[in-house]
Amino acid sequence: MIPVGITREGAFVLEQDDPAKFALDAAHMPEVIDNDTRVHWPEPGGERMLRVAAPDGSVVDLGEVDVVLPILHGTHGEDGTIQGYFDTLEVPYAGGGVLDSALCMDKHFMKVALQAEGIPVAPGVTVRRRAWEADSSALRAQIAQLGLPLFVKPARAGSSVGVSKVTDAAELDAALQIAFDEDEKVLVEAGIVGREIEVAILESPTGVRASLPGEIVLTSRGFYDFEGKYLGGEGVDVVCPADLSDEQIAAVQRIGLAAFAAVDGRGLARVDVFLTDDGDIIVNELNTMPGFTPISMFPKCWIASGLSYGELISELIEAGLNR
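Nothing here was measured: the structure is a model prediction, and the numbers come from that model.

**Q** What am I meant to see in the packing of helix H2 (residues 98–105) against helix H3 (residues 107–116) here?
**A** Geometry of a packed helix pair, given as the angle between the helix axes and the separation of the axes. One way to put it is that H2 packs onto H3 with a least axis distance of 5 Å and a crossing angle of 110°. One finds that H2 runs roughly perpendicular with respect to H3. Contacts from Leu103, Cys104 and Met105 of H2 reach H3 at Lys107, Phe109, Met110 and Ala113. Class assignment of the residues belonging to the contact of H2 with H3 gives a composition of six nonpolar, no polar and one charged.

**Q** How should unusual backbone geometry be read in this particular structure?
**A** What is expected of a backbone is that most residues other than glycine have negative phi and most peptide bonds are trans. Residue Pro149 is reached from Leu148 by a cis peptide bond, and omega for that bond is 0°. For Pro149, the location among the structural elements is in the loop between helix H5 (137–144) and strand S7 (150–154). In this structure, Pro241 follows Cys240 across a cis peptide bond, with omega equal to 5°. Mapped onto the elements of the fold, Pro241 is located in the loop between strand S13 (236–239) and helix H8 (246–262). The phi torsion at Asp36 lies on the positive side, around 70°, for a residue other than glycine.

**Q** I would appreciate a short explanation of the UniProt feature "binding site: Mg(2+) 2" (unreviewed entry) in the chain in the present structure.
**A** Per the UniProt record, "binding site: Mg(2+) 2" (unreviewed entry) is annotated on Glu285 and Asn287. Along the chain, the position of Glu285 falls in strand S15 (residues 281–287). Classification of Glu285 as buried rests on a relative accessible area of 13%. Relative to the helices and strands, Asn287 resides in strand S15. Asn287 gets classed as buried once you look at its relative accessible area, which sits at 10%. For Asn287, the residues in contact, after removing those within four places along its chain, are Glu78, Ala269 and Arg270.

**Q** Got a minute to help me understand the sheet that holds strand S6 (residues 124–128) in this structure?
**A** Hydrogen bonds between backbone groups are what pair the strands of a sheet, and the pairing can be parallel or antiparallel. Read from one edge to the other, the open sheet built from four strands follows the order S6-S9-S7-S8, with strand pairing classed as antiparallel. With partners counted over all chains shown, the strands left at the sheet margins are S6 and strand S8 (164–166), one partner each. Strand-to-strand, the axes of this sheet are offset by a mean angle of 25°, without reference to chain direction. By the bridge criterion, three bridges tie S7 to S8 in an arrangement that is antiparallel. Bridge pairing in S8 links Phe151 to Lys165. Where H5 meets the sheet, it contacts S6, S7 and strand S9 (185–190), and its direction lies at approximately 160° from that of S6. Helix H6 (residues 172–180) contacts S6, S7, S8 and S9 of the sheet and is inclined by roughly 25° relative to S7.

**Q** What is the right way to read the nonpolar core from this model?
**A** Side chains of nonpolar character tend, in soluble globular proteins, to be buried together. Ranked by size, the top nonpolar core spans 28 residues in total, and within it Leu114, Val271, Val273, Val283 and Leu286 carry the most contacts. Secondary-structure elements contributing two or more residues to this core are H2, H3, strand S10 (195–204), H8, strand S14 (268–275) and S15. Tallying contributions element by element places H8 first for this core, with seven residues. When near neighbours in sequence (up to four residues on either side) are disregarded, Val283 contacts Leu114, Ile119, Pro120, Val121, Ala122, Ile255, Val271, Asp272 and Val273.

**Q** Whenever I open this one, the packing of aromatic side chains confuses me. Can you help?
**A** Each aromatic ring pair is described using two quantities: the centre-to-centre distance and the angle formed by the ring planes. Applying the stated rule across the entire model yields seven aromatic pairs. Where Phe12 meets Tyr85, the ring centres are 5.8 Å apart and the plane angle is 10°; that geometry is what we call stacked. Of the two residues, Phe12 is situated in strand S2 (residues 12–14) and Tyr85 in helix H1 (residues 81–89); the sequence distance between them amounts to 73 residues. The exposure class of Phe12 is buried, given its relative accessible area of 16%. We classify Tyr85 as partly exposed; its relative accessible area is 33%. Between Trp41 and Phe86, the ring centres sit 5.1 Å apart and the planes meet at 75°, which makes this aromatic pair edge-to-face. In this pair, Trp41 sits in the loop between strand S3 (38–40) and strand S4 (49–53) while Phe86 sits in helix H1, placing the two residues 45 residues apart along the sequence. Residue Trp41 is classed as buried on the basis of its relative accessible area of 14%. With relative accessibility at 3%, the residue Phe86 sits in the buried group. Counting every residue linked through ring pairs, the aromatic cluster contains Phe12, Trp41, Tyr85, Phe86 and Tyr93.

What counts and how
- Residues numbered from 1 in each chain as written.
- Predicted model: local features only at pLDDT ≥ 70, side-chain atom pairs only at ≥ 80, totals over all residues.
- Heavy atoms only, no water.
- Axes fitted to C-alpha atoms, helices over the stretch in contact; angles between N-to-C directions.
- Helix = DSSP H or I, 4+ residues; strand = E, 2+ residues; numbered from the N terminus.
- Parallel < 35°, antiparallel > 145°, perpendicular 65-115°, else oblique.
- Contact = heavy atoms within 4.5 Å.
- Nonpolar A, V, L, I, M, F, W, Y, C, P; charged D, E, K, R; others polar.
- UniProt positions renumbered as here; feature names shortened; annotations may be inferred.
- Buried < 20%, exposed > 50% of the residue type's maximum accessible area, 1.4 Å probe, protein only.
- Pairing = 2+ DSSP bridges.
- Core = buried A, V, L, I, M, F, W, Y, C linked by side-chain atoms within 4.5 Å.
- Phe/Tyr/Trp six-rings, centres within 6.5 Å; stacked < 30°, edge-to-face > 60°.

Encoded structure:
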């Protein structure tokens, strides 16, 4: 495997084969630094050779590209952009495609797609910055009908960045501003009372299947935010498998697979749902490139389902090669 990093400026560079370099740490978030190397991807219709230009200008062949594993989050990583780039280059890759990645990165359109297939989602209002600044009165009235608490989240930001929980109407404007700092389009959703259940979906050469579900158990944290997801913050436990009946497990798996199909899912996804006391299952969101850290739900659910971390990566790669 050849590690390739992308700098903030968009340059593809040859990275060190050192996973510890990119360990998530609250005091120091990892970043790809420009080391003056430049990775040259194969051109469409030509040989499949990956090359790297060294700082002195010399070019070295790294070998033929079999498949790319794009473990990337956020803008350009899981919104269909890099997927379209590899499609143009005719380079096979694992994971989601252009359409499902773009749909699920935009929480507004993801909900539109799910609702069109009859899949229940949380009631919400989409707020665009321009409309809010021009005249917020009509939007405020719609939001008031949702009740409290509310969750205010950027429509197109991942990893719970810019998300706020609103328990008092007076907090709404500040929460919207935090979300607007990340995106011009914001989703305001009614808070759903229920257990937070997540199920991992995997496409393999033999078909699509769902893992045993896991559960996010909040002990003191207000919601499952960035720190809880990636930095092992206190106040949240990631439990897999979840303590569910056989009927509940089957129901969560069915709706997870249905949600995956509704967005034309490819490769993999983590489907997050709420399980209410009445037994209703409401889809919160799909993530087409979920976290792969040791504390992340996606690999934990597959390990609980009998698939090792190495086997999981192998299946993703095989699915990419078989497209």
